[in-house]
Amino acid sequence: VKCKGMDKPTMVAGTYGVDTKLKLAFTMDKNDTVGIDCVAMCVNDIACAGGEPLFFLDYIACGKNEPEKIAQIVKGVADGCLQSECALIGGETAEMPGFYPVDEYDLAGFAVGVVDEKDLITGKDIKAGDTLIGIASSGVHSNGFSLVRSVFKITEEALNTYYDALGKTLGEALLAPTKIYVKTLKEIKNAGVKIKGCSHITGGGFYENVPRMLHDGVHAVIEKNSYEVPAIFKMLQNDGEIEEKMMYNTFNMGIGMVLAVDPADADKVLAAVAKAGETGYVIGRVEAGEKGVTVC
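Residues numbered from 1 in each chain as written. Predicted model: local features only at pLDDT ≥ 70, side-chain atom pairs only at ≥ 80, totals over all residues. Heavy atoms only, no water.

A. Region of interest: the pairing of strand β4 (residues 105-116). A large share of β4 lies buried, amounting to nine of its 12 residues. Bridge count between strand β1 (residues 9-17) and β4: nine bridges; the pairing is antiparallel. In the strand pairing of β4, Gly 17 is matched with Ala 108. Bridge count for strand β2 (residues 52-62) against β4 is 10 bridges, and the pairing is antiparallel. Note on β4: the bridge partner recorded for Phe 55 is Val 112. (Buried < 20%, exposed > 50% of the residue type's maximum accessible area, 1.4 Å probe, protein only. Helix = DSSP H or I, 4+ residues; strand = E, 2+ residues; numbered from the N terminus. Pairing = 2+ DSSP bridges.)

So this is what it looks like as structure tokens:
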């Protein structure tokens, strides 16, 4: 049991749906990865608090229960649970004809995890001079798809178009499942590093998520040129003529998690991230000032 050896086991939980990214899955008739997104969004929030997910439940509502399609969706959920070492203990499939079109569905879920109270990541110890480390995302993840859908034509033909800049089709780039950071954060913890603050970059991008880990009196400064922004975001920005601030206020721009650590631990963190098979960058620092974030 994961509570073993904990002084004060504390429950943490996360819940999420997959956003309008599902519309792309319907158009491409590819339903085996959105389940990973659903799990990722829940367990990443748990990991962000310092916890380890224990179990997950999913909820699928559809216009018509097609067993093959449901099996594909659940396969993605199971894959996500494997990646996060979390038990899939059940779920519900609701057939709702007349409410959902026959070929559409909605997918949501929730996860419950545990953390020893002393290991909770609260941001209370963040101070000026701390280093901000970003862990690379796999692409757009599960947020901002209403904007994505207003920029790109969501047709089979458009999504199956191959782009050299992306190295894949537009649909493949957009449907890439959300990264699950549970093992990466565990690797950092096992390296003996105390993560002071952790921000999961979801809807609202940097501007809305990074301040959540800060307390009054500290300000995050993120340097845009500290890493290479993935091609899919450049394409979105150019094709949609979206101003840069809006991009950083909607999308993860290639960074799925932002961690605040003591500068002396930065190299250890980057080594642990690499050991977990992910890519990390030093993307900024913490300064004294008004609670908030500057992207420069």
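B. Highlighting the sheet that holds strand β3 (residues 87-95). Strand order in the open sheet formed by four strands is β1-β4-β2-β3, with mixed pairing between adjacent strands. Sheet topology places β1 and β3 at the edges, where each strand pairs with a single neighbour. Taken over all neighbouring pairs, the strand axes of this sheet differ in orientation by 15 degrees on average, direction set aside. Here helix α2 (residues 34-48) sits on the sheet in contact with β1, β2 and β4, set at roughly 30 degrees to β4. (Axes fitted to C-alpha atoms, helices over the stretch in contact; angles between N-to-C directions. Contact = heavy atoms within 4.5 Å.)

C. Local environment of the pairing of strand β9 (residues 218-222). Of all five residues making up β9, five are buried, and the element is well covered by its neighbours. The two faces of β9 match: Val 218, Ala 220 and Ile 222 on one face and His 219 and Val 221 on the other face are all buried. Pairing of β9 with strand β11 (residues 280-288), which is carried by five bridges, proceeds in the antiparallel orientation. Its bridge partner being in β11, Ile 222 is matched across the sheet by Gly 284.

D. Layout of the packing of aromatic side chains. For the structure on display, the rule yields five aromatic pairs. Arranged with centres 5.2 Å apart and planes meeting at 70 degrees, the rings of Phe 99 and Tyr 100 form a pair that is edge-to-face. Seen in terms of ring centroids, Tyr 227 and Tyr 281 are 5.6 Å apart; in terms of plane orientation they differ by 35 degrees. Their pairing is tilted. Note that Tyr 227 is positioned in the loop between β9 and α9 (231-240) and Tyr 281 in strand β11, a separation of 54 residues in sequence. (Phe/Tyr/Trp six-rings, centres within 6.5 Å; stacked < 30°, edge-to-face > 60°.)

E. Fine view of the pattern of salt bridges. A full pass over the atoms with the stated rule returns 18 salt bridges. Between Lys 186 and Glu 85 there is a salt bridge, and its shortest N-O distance comes to 2.8 Å. A residue pair is termed long-range when its members are at least 10 positions apart, and Lys 186 in helix α7 (residues 182-190) and Glu 85 in the loop between α3 (67-83) and β3 qualify at 101 residues. Overall, Glu 85 belongs to the partly exposed group, its relative accessible area being 38%. For Arg 285, the salt bridge goes to Glu 223, with nearest N and O atoms at 2.7 Å. (Salt bridge = Lys/Arg side-chain N within 4 Å of Asp/Glu carboxyl O.)

F. Structural detail: unusual backbone geometry. Despite not being glycine, Asp 19 shows a phi value in the positive range, around 65 degrees. A relative accessible area of 32% means that Asp 19 is categorised as partly exposed. If you check the backbone angles, Met 253 has positive phi at about 55 degrees while not being a glycine.

G. Main features of the sheet that holds strand β10 (residues 255-261). Reading across the sheet, the six strands line up as β8-β10-β5-β11-β9-β12 and stay open at both edges, with mixed pairing between neighbours. Strands with a single pairing partner mark the edges of an open sheet, and in this sheet they are β8 (197-200) and β12 (292-295). Averaged over all pairs of adjacent strands, the angle between their axes in this sheet comes to 25 degrees, without regard to strand direction. Pairing geometry for strand β5 (residues 131-136) and β10, over six bridges, is antiparallel. In the sheet register, Ile 135 faces β10, and the bridge partner there is Met 257. Contacts between α7 and the sheet are confined to β5, β8 and β10, with β10 contributing the most and set at about 20 degrees to the helix.

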